[in-house]
Each structure stands twice: as structure tokens, then as C-alpha cells.
Amino acid sequence: YGQTGSGKTHSMMGRWNSSPAEPELWYGVLPFPDPVIERVLSFMDWHNLPNFSDQGLIPRVAAQLFRTLEQLPDTDRPHVQATYFEIYNENVVPLAPERRVNGYADVCRMLLAGQRHRTTRATKMNDTSSRSHAILTLHVAIEGAGGRVKSRVDLVDLAGSERVGQNAEEQLEMKEGCHINLSLVVLGRVMQCLADRAAQERRRAKQRPSKPAPKKPARKGAAKADDGLYVPFRDSELTRYLESSLGGNARTYMVATVSPEMAHLQETISTLRYAQQCSRIRVKAQADAQSLPQLAAQCLR
């Protein structure tokens, strides 16, 4: 999370050097045809990653995931399904076809293919400003003698918050900025509700149980929390998709990026306040594992 131009895409995607003799190939700026991209991929050692420079979080997570899967016993059968899409002007747009990925190389090919289609635009504050939220989702399932374990990893590169008056020179840019800010405002409201819920849980843990407060009627477009609070997950496509990651059975990490320039001091303070609010959220993640007898019993019901 952070204002436009503060380094979100660089933090999440990073950049890589194909080889010392090759020019740098940045995620998000790919003027090269497919044969050149395939040639760059052929240089890479997928296990030791010697050709990566300034790896982003998404390549690091994908590499570590498949390193872990390779160490599983032979009796365990992993299956990883990947989807890569963007949320542009509150519309979900696929960046690459959904497919099964068998290794880290497949994930990189999917990222490269998708980033060629991602919506970017030159603005006053950033030459390659991301005009959409990009989400790579990895659905992981492991079946073995002990049962089945499922997991979902959402890796998100958010578009930057911005002042429309600072950036917008055209009507299209203004429309994009309004949709970006709307989704980020809803994300902030969701975080505020989740932080309030966590604070209530901490207060209740210190006090004796009291008579529950009367339930309030549900507001349209809101998801009900266990304690009666309503979290507006459905007010934007971004929070609707990330509902299980933000307030469900999940572990969530957020990176806040800021600009060192004094001209952006107000946005920096706003980002830091947002990060402080997110740090108040508490979630309890539990492994979703089922034994084979339990699965058989469910099928017979």
C-alpha cells in the first residue's frame, strides 16, 4: 500500500537481469516479443536464481513454495493451479489464462505474459504508473496417505493512491484515478472494521462476559462479522475477492511504501497511519486438513 510512484510494483515484482550481457528486463515494461522472453527464461537457474537482481516478493514466494513442494515425501502429490488477473475500473480482466503450474519457471512465464497486458500509463508522478490492481493467486492442494491439505496464496500488487488533481490531465486518467481511490478507500474501511473487531476481542478477553448488545440490521453490501460488526467487503471488487485473505482463516502481510520527498509528506503520513491501523488487526489461522475417512463420510452424505 502507498501512493503512486513509491515503489509498490518494484517491491512486489522486482526486476531481473537475464544475464550480464543482456539489458535489464523489468516486470511491467516489456517491449520484447515472446521469442526474446523465452530466450531470457532459458538463461535462468530456477533453483539457485543466480540471474535475479532485486527480486520482488512475488518471485521469492513462488520460488520458496516450489522448493518446499519438492521436499515433500513421494507419497504426497501436490497440485498448484494459478490465476493472474487485474482489477481495472472495478472490472476483473484476466492477464493470463488459468493453468496448472508445475514449477517456478511456469509462474515466471505466467507473470511475464500477464504483465505485457497489464494497464499502465505515464503520469506526472510516474512514467509507468499501474492503473489497476494485479493479483496472482496460487491454489495449492496436497493429497497423501494422511488426507488432503488445501491452501490459497493471494499475491497482490496494488495500484497507487493519488490525488486526482495532481495527476489527471485527461478524462480517462481521472476516471482511472477515481476507481483506484474508491477501491483503496473501501480497503481502508475494511481494515478499520477489522481493527475495531480485534480491539473489541481484546477488551472482552480482559472483562467478564456481559449481556450481548442488540443486533443491528445488516447494511446492504456488508459482510457480517462474528461479533456483530459489519465489514464492507462487497463495496469493491478488490475487497470482495480478498475477503478470505483479510478477515478469514489466513495469515496476511502488507507492505507500506512511502516517498522520501517533502512534497509528498501528507501522503506519507496517511500511509503510515494506514499501516499502523493494519498492525492492530489480529487473525487466527488454522490448517485446513481432512483425513481420508472424513472425506469418504462427506461423500456419502
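Given the structure is predicted, the values throughout are model-derived calculations rather than measurements.

1. With respect to the overall build of the chain
Part 1: Per the secondary structure count, the chain includes 10 helices and 12 strands.
Part 2: Sequence separation of at least 24 residues holds for 68% of the intrachain contacts in the chain that already meet a minimum separation of 6.
Part 3: Of the roughly 17300 Å² that the chain leaves accessible, carbon and sulfur atoms contribute 52%.

2. Brief notes about the packing of helix 3 (residues 57-70) against helix 4 (residues 104-115)
Part 1: In the contact formed by helix 3 and helix 4, the axes pass within 9 Å of each other and the chain directions differ by 155°. In terms of axis orientation, helix 3 runs roughly antiparallel to helix 4. In the crossing of helix 3 with helix 4, the sense of the turn from one axis to the other is right-handed. The residues of helix 4 that touch helix 3, namely those facing Ile 58, Pro 59, Ala 62, Ala 63 and Phe 66, are Tyr 104, Val 107 and Leu 111.
Part 2: The class makeup of the residues in the contact of helix 3 with helix 4 is 8 nonpolar, no polar and no charged.

3. Quick word on the environment of Leu 95
Part 1: Note on placement: Leu 95 falls in strand 5 (residues 91-100).
Part 2: Separated by 19 residues in the primary sequence, Leu 95 and Gly 114 have C-alpha atoms spaced 4.4 Å apart.
Part 3: Excluding its chain neighbours within four sequence positions, the residues that come into contact with Leu 95 are Tyr 84, Phe 85, Glu 86, Ala 113, Gly 114, His 117, Arg 118 and Ala 134.

4. A few points about the environment of Met 13
Part 1: For Met 13, the position within the fold is in the loop between helix 1 (8-12) and strand 1 (14-17).
Part 2: The exposure class assigned to Met 13 is buried, which follows from its relative accessible area of 1%.

5. Remarks on the packing of helix 6 (residues 171-206) against helix 9 (residues 265-278)
Part 1: Relative to each other, helix 6 and helix 9 sit at 40°, their axes nearing to 9 Å. In terms of their interaxial angle, helix 6 and helix 9 are classed as oblique. Pair helix 6 / helix 9 crosses with left-handed handedness. Every residue of helix 9 that contacts helix 6 at Leu 187, Gly 188, Met 191, Gln 192 and Ala 195 is listed here: Tyr 274, Gln 277 and Cys 278.
Part 2: Among the residues making up the contact of helix 6 with helix 9, the classes are represented as 5 nonpolar, 3 polar and no charged.

6. Remarks on the pairing of strand 4 (residues 77-88)
Look at any regular strand and the pattern is simple: side chains alternate between the two faces of the sheet.
Part 1: Judged from the 11 bridges that link them, strand 4 and strand 8 (residues 133-144) form a sheet pairing that is antiparallel. Note on strand 8: the bridge partner recorded for Gln 81 is His 139.
Part 2: The pairing of strand 4 with strand 5 spans 7 bridges and is classified as antiparallel. Looking at the pairing, Glu 86 lines up with Val 93 of strand 5.

7. Comments concerning the confidence of the model for the chain
Interpretation of the predicted coordinates at a detailed level should be avoided for regions scoring low in pLDDT.
Part 1: Considering every residue of the chain, the mean pLDDT works out to 77; 74% of them sit at 70 or more.
Part 2: For the stretch residues 17-34, pLDDT sits under 50, and the model shows 40 contacts to residues farther than four places along the chain or on other chains.
Part 3: Here residues 39-51 scores under 50 on pLDDT; set against residues more than four positions off or in separate chains, the count is 30 contacts.

8. A closer look at the pairing of strand 8
Part 1: Counting buried positions over the 12 residues of strand 8 gives 9, a clear majority of the element.
Part 2: By the bridge criterion, 11 bridges tie strand 8 to strand 9 (residues 147-157) in an arrangement that is antiparallel. Pairing of Ile 135 across the sheet is with Val 156, part of strand 9.

9. Section: helix 9
Part 1: Here helix 9 is 14 residues long and its end C-alpha atoms lie 20 Å apart, about the 20 Å a rise of 1.5 Å per residue gives.
Part 2: Within helix 9, burial applies to Glu 267, Thr 268, Thr 271, Tyr 274, Gln 277 and Cys 278.

10. As for the nonpolar core
Part 1: Counting 25 residues, the largest nonpolar core has Phe 66, Tyr 84 and Leu 136 as its most contacted members.
Part 2: Looking at this core, the elements that each hand over two or more residues are helix 3, strand 4, strand 5, helix 4 and strand 8.
Part 3: By residue number, the principal contributor to this core is helix 3, which donates 6 residues.

Rules used throughout
Residues numbered from 1 in each chain as written. Predicted model: local features only at pLDDT ≥ 70, side-chain atom pairs only at ≥ 80, totals over all residues. Heavy atoms only, no water. Helix = DSSP H or I, 4+ residues; strand = E, 2+ residues; numbered from the N terminus. Contact = heavy atoms within 4.5 Å. Areas by Shrake-Rupley, 256 points an atom, 1.4 Å probe, with all protein chains shown as cover. Axes fitted to C-alpha atoms, helices over the stretch in contact; angles between N-to-C directions. Parallel < 35°, antiparallel > 145°, perpendicular 65-115°, else oblique. Left-handed = near helix turned anticlockwise from the far one by under 90°. Nonpolar A, V, L, I, M, F, W, Y, C, P; charged D, E, K, R; others polar. Buried < 20%, exposed > 50% of the residue type's maximum accessible area, 1.4 Å probe, protein only. Pairing = 2+ DSSP bridges. pLDDT = per-residue confidence, 0-100. Expected span 1.5 Å × (residues − 1). Core = buried A, V, L, I, M, F, W, Y, C linked by side-chain atoms within 4.5 Å.

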